[in-house]
Amino acid sequence: MADRRAGRPRRLQPRDGGPAPRAAAGGAAPGGGRLSPVVDAGVRHGHEWVLSRRVPGENLEEVWPSLDPAARSRAVEQMWERACHVHRVDVAAAAPHARLRSPFFPGTPAEAAAALDRLVSAGGLTPAQAKGLGHALDRFWAALPAAPVALNHGDLCTPNTLWHAGRVVALLDFEFAVIAPIAIDLNEIAKLAFGPGGSAPLRDTVRDVTAAALDAAGGPDVLVGYSIMLEMWVLAHELAAGDPDEADRANAAAMLAAFAEGNGGYFAPLLDR
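Our subject in this report is the structure included herewith. (Residues numbered from 1 in each chain as written. Predicted model: local features only at pLDDT ≥ 70, side-chain atom pairs only at ≥ 80, totals over all residues. Heavy atoms only, no water.)

**Observations concerning the nonpolar core**
Rules: Residues grouped as a nonpolar core are buried Ala, Val, Leu, Ile, Met, Phe, Trp, Tyr and Cys residues, joined through side-chain atoms within 4.5 Å. Only protein chains enter the area calculation, which uses a 1.4 Å probe; residues under 20% of their type maximum are buried, those over 50% are exposed, and those in between are partly exposed. Counting from the N terminus, the helices are the DSSP runs of H or I reaching at least four residues and the strands are the DSSP runs of E reaching at least two.
Judged by nonpolar contacts, the single largest core of 73 residues is most densely connected at W80, L137, I189, Y226, I228, M232 and F267. Sort the elements by how many residues they give to this core and helix α9 (residues 220-240) lands first, with 11 residues.

**Re the sheet that holds strand β5 (residues 161-164)**
Put simply, the rule reads: Here, any two strands with at least 2 DSSP bridges between them count as paired. We call two residues contacting when some pair of their heavy atoms lies within 4.5 Å. Axes here mean lines fitted to C-alpha atoms, for a helix over just the part in contact, with angles spanning 0 to 180 degrees between N-to-C directions.
Read from one edge of the open sheet, three strands run β3-β5-β6, paired in antiparallel fashion. Looking at strand neighbours, the two that pair on one side only are β3 (58-59) and β6 (167-171), the edges of this open sheet. The pairing of β3 with β5 spans two bridges and is antiparallel. Each bridged residue has a counterpart across the sheet, and for N59 the counterpart in β5 is L162. Each of β5 and β6 is contacted by helix α3 (residues 69-87), which is oriented at about 35° to β6, the strand it contacts most.

**Things to note about the pattern of salt bridges**
Note the cut-off: Criterion for a salt bridge: a side-chain nitrogen of Lys or Arg within 4 Å of a carboxyl oxygen of Asp or Glu.
Scanning the model with the defined rule gives six salt bridges in all. For R101, the salt bridge goes to E111, with nearest N and O atoms at 3.2 Å. Of the two residues, R101 sits in the loop between α4 (91-94) and α5 (109-121) while E111 sits in helix α5, which places them 10 residues apart along the sequence. Taking relative accessible area as the criterion, R101 reaches 38% and is therefore assigned partly exposed. For R139, the salt bridge is made with D221, and the minimal N-O distance between the two is 3.7 Å. Here the residue R139 occupies a position in helix α6 (residues 127-143), and D221 occupies one in helix α9, the gap between them amounting to 82 residues. Judged by its relative accessible area of 24%, D221 is partly exposed.

This is the structure:
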């Protein structure tokens, strides 16, 4: 299980087949040295393992509290720069090694509708909220076919980022890499500044990133749709957990309630609607 903090989901190991370990962490991205070089990989007793060459640095999540606003903004810019290198990997070359679909997002409108129904039954959403989210997802499914696809990191966050000498030196843990619109990765950057508890000093940086990337990500409806479905997954997971993360549950519920209003929710300041 990948444990993600700062309002990010603690993601369970998915049941569907993932990428080959070497491809998941390996240096396929252009601009050598931006990913941790992989020495070897394999499967032992049903568990995938990857041995990568040591890259000097610290986990960005751990050093985040010690960074001033300027350093945090620089870190977010550089996280996105590294992600963009991933997005530029040739899709045909990456496809055999990436996931066919992310386990965090329903694959069809029917699956999404069923997930909303389950959240209503579990008390996580009101029927009115589910209806509003359903309308937003209708717009997502309508826009999705026209959205360009690329290789996404799939779990872009500070715990999966290496920091050294005042800069981001690598992205780590590509186990959820997936071919899809880059809205999947862009959503994670947007939440850093505009999600519940987001950092106000990061907003100018995140606005710039979003403005430059939104068209390539498929547009506002695709970004909002992926964000809704991820928060649905988080909320469902926390409602079912024996020891839920109350902050994650509250943040997911707040995101979904805002998106249900139909005006872009927490992301409204980022979207040209």
